[in-house]
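Results of the structural survey
So the chains spell out like this:
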Amino acid sequence: MLRAYRIPHINSILSMQEVQTIPGLIYKYLKDDLTRTERDELMDWVNQSPENLSLFERLTDREMIRNAIREMLDIKESMWEKLVAKAPELQNEPVRRTYTKPKYSVAAVVLVLVLGAAAYFIIRFRDQEPATAGNTPSDTSSQKPIVAVNITPAGHHASLTLPNQSPIVLDGSTRDTISLAAGVPITARQPHTIQYALQAKEQYGRDSAGPLHILSTPRGGLYNIILPDGSTAFLNAASSLRFPPVFTDSVRQVFVTGQVLFNVAAIAPSNGKKIPFLVTILNSNGEEKTTIEVLGTYFDVNAYQDHALLKATLLEGSIRIYDITEKNNRKNKPIVLLPLQQAILDRRGNFTVRKKVDTAAVVSWTKGSEGVFNFYNLPLQEALGEISRWYNVDVLYKTDVSLLSPIASILPRNAPINKIIEVLNLIYRPDILFTLEERTIVVSRP
Amino acid sequence: MRRLHLGDQTAFSEIYNQFYTRLYYYAYGLIHNREEAEDIVLNKLLSIWQRRHAFKSRADMKAYVYVAVRNACYDYLAYMKVHRTTEFRPEEMADQKYELFREELISLVMEEIEKLTPRERAVMHMTLEEIPEKEIAEQLGISVKRVYNLRYEAIQKLKFRLPGFVWMAMPVLEKLLRTCLLESSSHPLDYF
């Protein structure tokens with residue numbers, strides 16, 4: 001019996017410390033249970049070399065983990081068989097040979113698929129409305145549901161607009177350094193981040209920030225940026241961040257639309273005075289609305305304006321929110337948030353603060369395809385907004401959905417769009433019918 | 001759970017269940033060889049059964065098996081030192097590093113899984129094997145609804161998302177949730 005022998009003195013070659021700490025950190029990462037220090041430690045290790053990065057990606061592959069668990073549980077059972085073979089008196093007590101071979105399950109799965117397709121076909125047939133443009137002949141096939149052409153979950157895409165230049169597309173094939181007329185080097189790191197060179201302490205003394213750079217994501221795009229002060233911003237789909245290439249010493253101000261997760265560095269370059277970081281939300285007209293003042297923290301800003309105008313969630317540190325809409329003219333009375341709190345500014349201009357939110361749910365989008373849609377008690381319209389931005393599809397409402405009960409569901413973000421539609425149909429049956437036509441989700445009454 | 005088994009097979013299978021995974025990862029941590037670790041653990045667990053009369057307490061037995069496994073591992077390592085059969089190739093390093101990390105990571109995950117109740121673990125295993133809920137229910141002699149609940153419990157305990165799991169668990173549960181909510185409240189808008 002041939003075996004693969006390994007060399008026993010492996011330990012002396014690899015760093016034992018690494019083996020002890022890194023897998024533990026990765027496990028915590030997968031459970032979303034890292035403290036900030038741990039996160040930094042892990043990211044430092046990942047950034048050390050392309051080899052580490054590749055290791056990290058392989059080890060955070062949930063499919064791999066799922067298979068490993070399954071394998072381990074299988075081995076446990078098959079080892080028992082072996083043991084019983086050596087000690088037959090144990091035969092009466094199977095460990096837990098509790099399932100039959102998979103061939104049964106395959107038949108069941110196939111059956112479900114066919115049924116589902118048939119039901120789908122029937123429902124479509126009943127639909128009296130003329131279909132929107134783009135119904136291909138394959139729709140009438142009863143063998144499979146509509147194949148979503150080229151509709152993929154969000155990936156890493158963005159564009160960077162420098163003053164007086166046309167936008168530069170960022171999509172992982174970007175060259176490594178994008179040098180700038182003003183001389184600030186920008187590096188494209190990994191497939192999803194750009195980094196501005198860290199500005200030296202002296203550079204903070206300038207009077208004005210100069211024209212802003214704009215990083216924006218399309219629907220279906222996510223991107224990371226490391227700002228010149230070391231702060232990081234993670235943009236969700238259909239969002240933008242306007243920022244100066246060099247910050248001044250009085251204030252660091254950026255402008256946001258959409259959803260951005262910030263990790264702000266505390267900077268106090270001269271005489272120990274901390275420079276505040278301001279995040280100003282722009283509405284669709286580009287007007288400045290609410291501003292959030294930050295003193296070195298980790299927080300998520302959701303300004304999609306689907307439902308509420310702004311949802312700011314604080315993970316660490318503290319932030320102050322100044323609302324400069326007409327209703328709350330008292331600019332001097334900011335809302336202060338503590339960690340795990342979320343401030344919601346609704347369309348009527350009123351602020352509510354929720355004391356203990358599930359921050360993992362709020363920032364689940366940052367996991368990209370590993371994350372989930374955490375639709376907990378969310379109005380359908382808002383959920384569809386998220387879905388439309390993630391998959392880059394439109395939503396066509398043929399019926400009013402505002403009176404429907406909210407969604408309470410968790411869906412994986414790497415799911416194909418058909419599955420999402422299936423689940424939505426399952427949830428809202430028989431009131432609402434969701435179908436997919438080309439790149440549009442159609443919401444109607446059956 | 002104190003157990004002095006003088007011939008009780010159920011008791012032994014429980015011991016096997018409780019100890020197998022931990023012993024395996026313990027052995028692997030020492031020798032970094034999967035097949036060998038499996039063999040060692042198997043043999044030592046078998047010897048627990050063969051010597052069952054000799055153990056006075058659970059602690060006794062636990063100490064015995066860990067020491068036995070450890071010694072067998074050391075023997076193996078000593079044997080390997082003398083009879084090295086392959087040349088050490090640098091290009092294998094990266095993969096070996098991955099293997100080490102992977103085993104360590106999976107051992108952490110498995111530890112959590114071993115903390116599930118036997119029912120929860122069984123449901124989880126069968127779900128991973130893609131067995132439909134109805135069959136799981138039949139095999140375990142419980143209702144389909146209980147299968148969903150057990151699966152949900154398992155996911156909650158693990159705090160860890162696995163592909164394929166969420167799908168099967170949620171739609172039915174939140175349909176239930178929705179039905180309950182609708183029954184208890186008059187107006188949908190009251191929820192938020």
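Residues numbered from 1 in each chain as written. Chains lettered and ligands numbered in written order. Predicted model: local features only at pLDDT ≥ 70, side-chain atom pairs only at ≥ 80, totals over all residues. Heavy atoms only, no water.

Topic: the overall build of chain B
Our working definition: Helix and strand assignments follow DSSP, with helices taken as H or I runs no shorter than four residues and strands as E runs no shorter than two, numbered in order from the N terminus. Buried, partly exposed and exposed residues are distinguished by accessible area as a fraction of the type maximum, computed with a 1.4 Å probe on protein chains only: under 20%, between the cut-offs, and over 50%, respectively. Throughout, a contact is declared for two residues whenever any of their heavy atoms are within 4.5 Å. In this description, accessible areas are obtained by the Shrake-Rupley approach with a 1.4 Å probe, and a residue is regarded as covered only by the protein chains that are shown.
From N to C terminus, chain B includes eight helices and zero strands. The linear arrangement of helices and strands in chain B, starting from the amino end, is α-α-α-α-α-α-α-α. The buried share of chain B, taken over its 192 residues, is 49%. Within chain B, contacts between residues separated by at least 24 positions form 57% of all contacts whose residues are at least 6 apart in sequence. When the accessible surface of chain B is split by element, carbon and sulfur atoms take 53% of a total near 9400 Å².

Observations regarding the packing of helix α6 (residues 133-140) of chain B against helix α7 (residues 144-158) of chain B
Residue and element names in this part refer to chain B. Keep this limit in mind: Interaxial angle, 0 to 180 degrees, is taken between N-to-C directions of lines fitted to C-alpha atoms, where a helix line uses only the stretch in contact. Each angle is binned into one of four classes, with values under 35 degrees roughly parallel, values over 145 roughly antiparallel, values of 65 to 115 roughly perpendicular, and all other values oblique. Here the nonpolar group is Ala, Val, Leu, Ile, Met, Phe, Trp, Tyr, Cys and Pro; Asp, Glu, Lys and Arg are the charged ones; every other residue, Gly included, is treated as polar.
At a minimum axis distance of 8 Å, the contact between α6 and α7 shows a crossing angle of 100 degrees. In terms of orientation, α6 and α7 fall into the roughly perpendicular class. Contacts between α6 and α7 involve E133, K134, I136 and A137 from the former and V144, V147, Y148 and R151 from the latter. Classifying every residue of the contact of α6 with α7 by side-chain character gives five nonpolar, no polar and three charged.

Some details on the packing of aromatic side chains
Our working definition: Here a Phe, Tyr or Trp ring, Trp counted by its six-membered ring, pairs with any other such ring whose centre lies within 6.5 Å, and the pair is stacked when the planes are under 30 degrees apart, edge-to-face when over 60, and tilted otherwise. Any Lys NZ or Arg CZ that is within 6 Å of a ring centre and within 35 degrees of that ring's normal is treated as a charge sitting over the ring.
For the structure shown, the criterion picks out 19 aromatic pairs over all chains. A centroid spacing of 5.3 Å and a plane angle of 50 degrees characterise the contact between F55 of chain B and Y64 of chain B, whose relative ring orientation is tilted. Chaining the aromatic ring pairs together yields one cluster made of W80 of chain A together with F12, Y16, Y20, Y24, Y25, Y28 and W49 of chain B. Taking NZ or CZ as reference, R58 of chain A lies 3.7 Å from the ring centre of Y98 of chain B, over its face.

Examining the confidence of the model for chain A
Predicted coordinates in areas of low pLDDT are best not read in detail. We apply this condition: pLDDT is a residue-level measure of predictor confidence that goes from 0 to 100.
Of all residues in chain A, 72% have pLDDT values of 70 or greater, and the mean over the chain is 73. Counting interchain partners and residues more than four positions distant, the pLDDT-below-50 stretch residues 1-13 of chain A has 25 contacts.

Considering the side chain of K31 of chain A
What counts here: Charge assignment: positive for Lys and Arg, negative for Asp and Glu; neither His nor the chain ends contribute. Here a salt bridge means any side-chain nitrogen of Lys or Arg lying within 4 Å of a carboxyl oxygen belonging to Asp or Glu.
Structurally, K31 of chain A is set in helix α2 (residues 16-31). For K31 of chain A, which is buried and forms no salt bridge, the nearest opposite charge comes from D33 of chain A, at a distance of 4.5 Å. Sequence-distant contacts of K31 of chain A, that is, excluding residues within four places in its chain, are made with L158, K159 and F160 of chain B.

Quick look at the sheet that holds strand β23 (residues 440-444) of chain A
In sheet architecture, strand pairing relies on hydrogen bonds along the backbone and comes in two forms, parallel and antiparallel. All names here are of chain A. Worth spelling out the cut-off: In this description, strands pair whenever DSSP reports at least two bridges between them.
Pairing is mixed in the open sheet, where three strands are placed in the order β20-β23-β22. This sheet does not close on itself; its edge strands, each paired only once, are β20 (394-397) and β22 (433-437). Neighbour-to-neighbour, the strand axes of the sheet open up by a mean angle of 25 degrees, direction not taken into account. Here five bridges tie β22 to β23, and the two strands are oriented antiparallel to one another. For T435, the partnering residue across the bridge sits in β23 and is V442. On the sheet, helix α8 (residues 380-391) packs against β20, β22 and β23 and is oriented at approximately 150 degrees with respect to β20. Running over the sheet, helix α9 (residues 417-428) touches β22 and β23 and is turned about 160 degrees from β22.

Re the pairing of strand β11 (residues 277-282) of chain A
Residue and element names in this part refer to chain A. Among the six residues in β11, six count as buried, and that is most of the element. Covered by surrounding structure in β11 are F277, V279 and I281 together with L278, T280 and L282, the residues of both alternating faces. One ladder, built from five bridges, connects strand β10 (residues 252-263) with β11; its direction is parallel. In the sheet register, V254 faces β11, and the bridge partner there is V279.

Thoughts on the pattern of salt bridges
This model, assessed by the stated rule, comprises 20 salt bridges over all chains. Residue K134 of chain B pairs with E138 of chain B through a salt bridge whose shortest N-O separation is 3.8 Å. One end of the pair is K134 of chain B and the other is E138 of chain B, both in helix α6 and four residues apart, which spans about a single turn. With relative accessibility at 59%, the residue K134 of chain B sits in the exposed group. A residue is classified by how much of its surface remains accessible, and E138 of chain B, at 56% relative accessible area, is exposed. Each of E71 of chain A together with R34, E99, R102 and E103 of chain B takes part in one network of salt bridges that share partners.

Focus on empty space enclosed by the protein
In plain terms, the rule: Whether a set of points on the 1 Å grid over the protein atoms alone is a cavity depends on a 1.4 Å probe fitting there but being unable to get out, while an open set qualifies as a pocket with protein on both sides within 12 Å along at least five of seven lines; lining residues are those with an atom within 4 Å of a point. Grid points are joined across faces, edges and corners, and a volume is the space filled by probe spheres set on the points.
Enumeration over the complete set of coordinates arrives at four cavities of 30 Å³ or more. Roughly 80 Å³ of volume is contained in the largest cavity. Lining the largest cavity are A68, E71, M72 and I75 of chain A together with Y24, Y25, R34, R102, E103 and I106 of chain B. Those elements that place two or more of their residues in the lining of the largest cavity are α5 (62-86) of chain A together with α1 (9-31) and α4 (93-114) of chain B. Examining the composition of the lining of the largest cavity, we find that four residues originate from one element, α5 of chain A, more than from any other. Grouping the amino acids of the lining of the largest cavity by side-chain chemistry returns six nonpolar, no polar and four charged.

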